[in-house]
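An overview of the molecular structure
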Amino acid sequence: MEIVSQIEKSIQQVLGEEADTLAYQTGFVKRQRKISGSTFAKILITGVLDNPLPSYTDLSQDAALLGVDISSQGLEQRFTQEAARFMQEILNRLVERVITGITPATVPILQRFNGVYIRDSSVVSLPPELAEMWPGCGGSAGETAALKLQVRLNYATGQLEGLALQSGRQHDRSTPYGPEGEPAGSLHLADLGYFSLAELRQRQEQGQYFLTRYKIGTALYTPEGAPLDLLQWLTQEVTTEGERLVLLGSQERIPVRLMAFRVPQEEVERRRRRLREYARKKGVTPKRETLLLTEWTILLTNAPEEKMTPSEALVLARVRWQVEILFRVWKSHAHVDEWRSHNPWRILSELYAKLAGQVILNWILLTEWHRFPDRSLFKAARLLQKLAIPLALCLRQGKGLREIISLFRECFRTCRVNKRRGKPATFQRLLALEGLT
């Protein structure tokens, strides 16, 4: 089945019959009412796509677009704990759907790997009334209630796995997206929150490649098994760039390539300011070795040089930030961490609806991801916002979704990242590796 047909069918099924069934199962609908489960889900999802911070009047107008005459007060009464549970199940059903037959991006360096997978998470602070359901991490941030969003993005195809919902206090390594979900020959990128020697060993055994920053304090050995003094090697043998083979971990002894790149002084100062500020909040003093290592970007990989040279590794490491852009879109455009209500159940219901809208956006992006390496997620999100009302009318009529998707694809060419000379965008750096910019 072609991608557009899969998207059309998935939206119709989840926001149709499945929504009505889930409404009864969660107790949101106990008898035949003016608003069915499917109608409520459509009102919320299209409503927050159009306006992420809606009033009750806005939502009652969204209901009218879907053929439901209900007052603001009538809608207000619908936002119960059962409503939140219902919208969470709708989100889960959308996340479970897998769109297949996706064409990979045409960027040459990405084609060397059987997928380029990025894992990351983001935390949304919630009202304290929700602490029992979604406990936060407390600490210096003082978040008594928080929701952690775990995702895995295949940057080569644009396919998003997740998002998985966890309590804010859970560690990043509790992610459900482990090595077993990635094929041999793929490349894995993640920040140090996911750093695990046991996992790197598993990836090595499964034929997967990884590229990660060095975690300070991790034991290093020469190929012969002698302990390696990293700082001594950097200061005595490396000027601006260096590479050597090492064994990683005192027990695991994983064979990897260690690559070091000296950074500009202004970047060193920025890193040290950030490090000292973090240490101040924790009430500790930064170690001398940690401060000295801020002069370097240190990467580790098990990929051979024919797959990734040091200069290419430095560029590919930047790709990890693309998933950070995804979270920025969710927070600055979809406003998943903002609301205008004091009702915790409305807050949760709208949060799940906003995330559901972003899952649908990702599906539609899959139709054009391979054609536009200079795509802008911010501009794509704004484009879908313009189509929210036509989308609601199509859902009301039960037809026309294909036309909405086609219209999005037609307009997607306008969603380009502007080229920059001073600080090239990631897509420019990737294409420059093959002399294509």
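In this section: the overall build of the protein chain. When its secondary structure is counted, the protein chain shows 16 helices and 10 strands. Whereas a compact globule of 437 residues would reach a radius of gyration of roughly 22 Å, the protein chain reaches 24 Å, a difference of no more than 12%. Dimensions of the protein chain along its principal axes, counting C-alpha atoms only, are 75 × 50 × 40 Å. Once local pairs closer than 6 in sequence are excluded, the contacts in the protein chain between residues at least 24 apart make up 68%. Of the accessible surface of the protein chain, which amounts to about 20,000 Å², a share of 47% is contributed by carbon and sulfur atoms. If you average the places of the 59 positive and of the 48 negative side-chain charges in the protein chain, the two averages end up 3 Å apart.

Counting 111 residues, the largest nonpolar core has Phe 86, Ile 90, Leu 316, Trp 330 and Phe 408 as the members making the most contacts within it. When residues in this core are grouped by element, the largest group, 12 residues, is from helix 12 (residues 344-365). Once residues within four sequence positions are removed from consideration, Phe 86 is found in contact with Ala 19, Leu 22, Ala 23, Thr 26, Phe 28, Gly 37, Phe 40 and Ala 41. Counting 22 residues, the second-largest nonpolar core is a separate cluster that includes Phe 210, Leu 228, Leu 230 and Trp 296.

All right, on to the layout of surface pockets then. Here the second largest pocket is characterised by a volume of approximately 190 Å³. What lines the second largest pocket is a set of 14 residues, among which Val 95, Arg 97, Val 98, Leu 160 and Glu 161 lie closest to the centre. Elements represented by at least two residues in the lining of the second largest pocket include exactly helix 5 (81-96), strand 4 (159-167) and helix 12. A per-element tally of the lining of the second largest pocket places strand 4 first, with 4 residues. Residues belonging to the lining of the second largest pocket are distributed by class as follows: 9 nonpolar, 3 polar and 2 charged.

As a further point, take the pairing of strand 3 (residues 143-154). Of all 12 residues that make up strand 3, 11 are buried, and the element is covered over most of its length. Looking at chain direction, strand 1 (residues 116-125) and strand 3 are connected through 9 bridges and run antiparallel. Residue pairing for strand 3: Tyr 117 is matched across the bridge by Asn 154. Note: strand 3 against strand 4, 7 bridges, orientation antiparallel. The partner of Arg 152 across the bridge, within strand 4, is Glu 161. Where strand 3 folds back onto strand 4 in an antiparallel hairpin, the turn is made up of 4 residues, including Gly 158, whose phi is positive at roughly 90 degrees.

One can find Leu 94 in helix 5. Each C-alpha atom, one on Leu 94 and one on Met 133, is 21 Å from the other, the two residues being 39 residues apart in sequence.

Moving on to the pattern of salt bridges. If you walk through the whole model with that rule in mind, you get 24 salt bridges. In this structure, Glu 8 and Arg 402 form a salt bridge, with 3.7 Å as the shortest nitrogen-oxygen distance. Here the residue Glu 8 occupies a position in helix 1 (residues 3-25), and Arg 402 occupies one in helix 15 (residues 401-411), the gap between them amounting to 394 residues. For Arg 402, a relative accessible area of 28% puts it in the partly exposed group. Its salt-bridge partner being Asp 172, residue Lys 148 comes within 3.0 Å of it at the nearest N-O pair.

Next up on the list: helix 6 (residues 197-205). When helix 6 is considered as a whole, its buried residues turn out to be Leu 197, Glu 199, Leu 200 and Arg 203. Seen from one end, helix 6 has its buried residues packed into an arc of 160 degrees, which puts them on one side. Every exposed residue of helix 6 that faces more than 90 degrees away from the buried side is listed here: Ala 198 and Glu 205. On the buried face of helix 6, the contacting elements are strand 1, strand 5 (187-190), strand 6 (209-213), strand 8 (241-248) and strand 9 (254-262). One or two positions beyond helix 6, positive phi appears at Gly 207, with a value near 75 degrees.

Below, the discussion takes up empty space enclosed by the protein. Going through the model one piece at a time under the given rule, you end up with 6 cavities of 30 Å³ or more. Looking at the largest cavity, the residues that line it are Leu 153, Gly 158, Leu 160, Leu 326, Val 329, Trp 330, Gln 358, Leu 361, Asn 362, Leu 365, Trp 369 and Leu 377. Mapped by element, the contributors of at least two residues to the lining of the largest cavity are helix 11 (321-333) and helix 12. It is helix 12 that contributes the most residues to the lining of the largest cavity, 4 residues altogether. Grouping the amino acids of the lining of the largest cavity by side-chain chemistry returns 9 nonpolar, 3 polar and no charged.

Let us look at the environment of Ser 71. The topology assignment puts Ser 71 in the loop between helix 3 (56-65) and helix 4 (72-76). On a C-alpha basis, the gap between Ser 71 and Thr 57 in space is 7.8 Å, while along the polypeptide they are 14 residues apart.

The next thing to look at is the packing of helix 2 (residues 37-50) against helix 5. Packing of helix 2 against helix 5 brings their axes to within 11 Å, and their N-to-C directions diverge by 80 degrees. What the angle tells us is that helix 2 and helix 5 run roughly perpendicular. Together, Gly 37, Phe 40, Ala 41, Leu 44 and Ile 45 of helix 2 and Ala 83, Phe 86, Met 87 and Ile 90 of helix 5 make up the contact between the two elements.

Further remarks concern the pairing of strand 9. Within strand 9, 7 of the 9 residues are buried, which leaves the element mostly enclosed by the surrounding structure. Sheet analysis places strand 9 next to strand 10 (residues 296-301), joined by 6 bridges and oriented antiparallel. Of the residues in strand 10, the one forming a bridge with Arg 257 is Thr 301.

Cut-offs used in this document
Every residue gets a number counted from 1 within its own chain, in the order that chain's sequence is written. The model is predicted, so local features are restricted to residues of pLDDT at least 70 and side-chain atom pairs to those at 80 or more, both for listing and for counting; the totals for chains, interfaces and linings are taken over all residues. As a convention, hydrogens and water are excluded, and side-chain values are obtained from all of the structure's heavy atoms. Per the convention used, a helix needs a DSSP run of H or I reaching at least four residues, while a strand needs a run of E reaching at least two, with both numbered from the N terminus. The size measure is the radius of gyration over C-alpha atoms, and the globule rule it meets is 2.2 Å times the number of residues to the 0.38 power. Here, two residues are considered to be in contact whenever any of their heavy atoms come within 4.5 Å of each other. Computed by Shrake-Rupley with a 1.4 Å probe, the accessible areas treat only the displayed protein chains as cover when residues are assessed. When charges are counted, neither His nor the chain ends are considered; positive counts come from Lys and Arg and negative counts from Asp and Glu. The atoms used to mark charge sites are NZ of Lys, CZ of Arg, CG of Asp and CD of Glu. Take the buried residues of types Ala, Val, Leu, Ile, Met, Phe, Trp, Tyr and Cys, join any two whose side-chain atoms come within 4.5 Å, and each joined set is a nonpolar core. Only protein chains enter the accessibility calculation, which uses a 1.4 Å probe; a residue whose area is less than 20% of its type maximum is buried, one above 50% is exposed, and one in between is partly exposed. Detection works on a 1 Å grid of protein atoms alone, calling trapped sets that fit a 1.4 Å probe cavities and calling open sets with protein on both sides within 12 Å along at least five of seven lines pockets, with lining residues defined by an atom within 4 Å of a point. Grid points are joined across faces, edges and corners, and a volume is the space filled by probe spheres set on the points. Each residue receives one of three labels: charged for Asp, Glu, Lys and Arg, nonpolar for Ala, Val, Leu, Ile, Met, Phe, Trp, Tyr, Cys and Pro, and polar for the others, Gly being one of them. At least two DSSP bridges between two strands are required for those strands to pair. Just to be clear on terms, a salt bridge is a Lys or Arg side-chain nitrogen sitting within 4 Å of an Asp or Glu carboxyl oxygen. Comment: arc refers to directions from the helix axis out to C-beta atoms. Axis geometry follows a simple rule: fit a line to the C-alpha atoms, using only the stretch in contact for helices, then measure angles between N-to-C directions, giving values from 0 to 180 degrees. We call two directions roughly parallel when the angle between them is under 35 degrees, roughly antiparallel when it is over 145, roughly perpendicular when it lies between 65 and 115, and oblique otherwise.

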